[in-house]
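Notes for the structure review
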Amino acid sequence: MEQFHVAIDGPAGSGKSTISQNVSNETGWQHIDTGAMYRAVTYWALKLNLNLADENSYEFLNKIDIKYLNNKVFINDIDLSSVIRSDDVTQNVSLVSKFSFVRKKLVEIQQNLAKNKNIIMDGRDIGTVVLPNANLKIFLTANIKVRAKRRYNEKLNNGQNVNLDELINNINTRDKKDSSRIESPLKIADDAVIIDTTYLSIRQVVEKIIEMIERRRK
Ligand code: C5P
């Protein structure tokens, strides 16, 4: 059975999810958004009112069932795909994702999802930790103002109240936390292809990635 793994990493707002989903639509390969899983754990810990700063709080992960199916994330069969996008979850997810206990659990699920399958997986540590032997590793970047503007437009479209400067601050803070943590920080894998999406359309980035997939499959 063919197993072609595409790892897509990058900072917040670099377009990872949208681009991965588009590549998934064109190839017919499953897209796995690993950020959604860290968000689901964060949502659950907030719901249980746990002390997020204490690694022992996450022992609940031994008792729950986390699933990722058809682009949706479930805990104990409850679909959390919309609630994980709240500001509360976004502001706390980098704290939760720094703990090695949490990462170990989620990385295991992610590696199982990728086994014997063609897959597009996006996150922060896919090319470095989750799928170190991926056939293609992409690192997406974009200038902070452009990334914040993309989030701004998304939020406006969802009818949410937004302030651009606040978004720039929040994204910078989250990137700093994700890049400076000890366990699996956001970094560029040695063999990753870097794509700066600042001046590129989604279509242009997707075409580049599809071309690279085709070249490497020959
Ligand atoms: O991709 P998204 O912005 O939804 O990810 C939310 C958060 O989940 C990130 O800011 C990061 O803290 C964490 N994350 C991670 N490793 C991944 C994917 C996401 O630490 N592979």
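What counts and how
Residues numbered from 1 in each chain as written. Predicted model: local features only at pLDDT ≥ 70, side-chain atom pairs only at ≥ 80, totals over all residues. Heavy atoms only, no water. Pairing = 2+ DSSP bridges. Helix = DSSP H or I, 4+ residues; strand = E, 2+ residues; numbered from the N terminus. Axes fitted to C-alpha atoms, helices over the stretch in contact; angles between N-to-C directions. Contact = heavy atoms within 4.5 Å. Patch = residues over 30% accessible without salt bridge, like charges linked within 9 Å, V, L, I, M, F, W, Y side chains within 5 Å. Areas by Shrake-Rupley, 256 points an atom, 1.4 Å probe, with all protein chains shown as cover. Salt bridge = Lys/Arg side-chain N within 4 Å of Asp/Glu carboxyl O. Lys, Arg positive; Asp, Glu negative; His and termini not counted. Charge placed at Lys NZ, Arg CZ, Asp CG, Glu CD. Buried < 20%, exposed > 50% of the residue type's maximum accessible area, 1.4 Å probe, protein only. Phe/Tyr/Trp six-rings, centres within 6.5 Å; stacked < 30°, edge-to-face > 60°. Parallel < 35°, antiparallel > 145°, perpendicular 65-115°, else oblique. Nonpolar A, V, L, I, M, F, W, Y, C, P; charged D, E, K, R; others polar.

**Brief notes about the sheet that holds strand β2 (residues 30-33)**
- Taking strand neighbours across the sheet as the criterion, the five strands line up as β2-β6-β1-β7-β8 in an open arrangement whose pairing is parallel. The open sheet has two free edges, formed respectively by β2 and β8 (193-196), since each of these has just one partner strand. With strand direction ignored, the average angle separating the axes of adjacent strands in the sheet is 20°.
- Direction of pairing for strand β1 (residues 5-9) relative to strand β6 (residues 119-123): parallel, over a ladder of five bridges. From the neighbouring strand, His5 faces β6, where its bridge partner is Ile119.
- Across the sheet, helix α4 (residues 100-114) is in contact with β1, β2 and β6; its angle to β6 comes to roughly 160°.

**Describing a negative patch on the surface**
- On the surface, Asp54, Glu55, Glu59 and Glu183 cluster together to form a negatively charged patch.
- Relative to the helices and strands, Glu55 resides in the loop between α2 (34-47) and β3 (66-69).
- Taking relative accessible area as the criterion, Glu55 reaches 30% and is therefore assigned partly exposed.

**Quick notes on the packing of aromatic side chains**
- Per the stated rule, a full pass over the model turns up three aromatic pairs.
- Aromatic pair Tyr58 and Phe60: ring centres 6.2 Å apart, planes at 45°, arrangement tilted.
- Judged by its relative accessible area of 0%, Tyr58 falls in the buried class.
- With a centroid separation of 5.5 Å and an interplanar angle of 35°, the aromatic rings of Tyr58 and Phe99 are classed as tilted. Taken together, the positions of Tyr58 in the loop between α2 and β3 and Phe99 in the loop between α3 (87-96) and α4 put the pair 41 residues apart, joining distant regions of the chain. Comparing Tyr58 with Phe99 shows no difference in burial state: the two are buried.
- Each residue in the set Tyr58, Phe60 and Phe99 is aromatic and connected to the rest through ring pairs, giving one cluster.

**Concerning the packing of α2 against α3**
- Across the interface, α2 lies against α3 with an axial gap of 9 Å and an inter-helix angle of 105°. Taken as axis vectors, α2 and α3 run roughly perpendicular relative to one another. Across from Tyr38, Arg39, Val41, Thr42, Tyr43 and Leu46 in α2, the residues of α3 making contact are Asp88, Val89, Thr90, Asn92, Val93 and Val96.
- Looking at the contact of α2 with α3 residue by residue, the classes come out as seven nonpolar, three polar and two charged.

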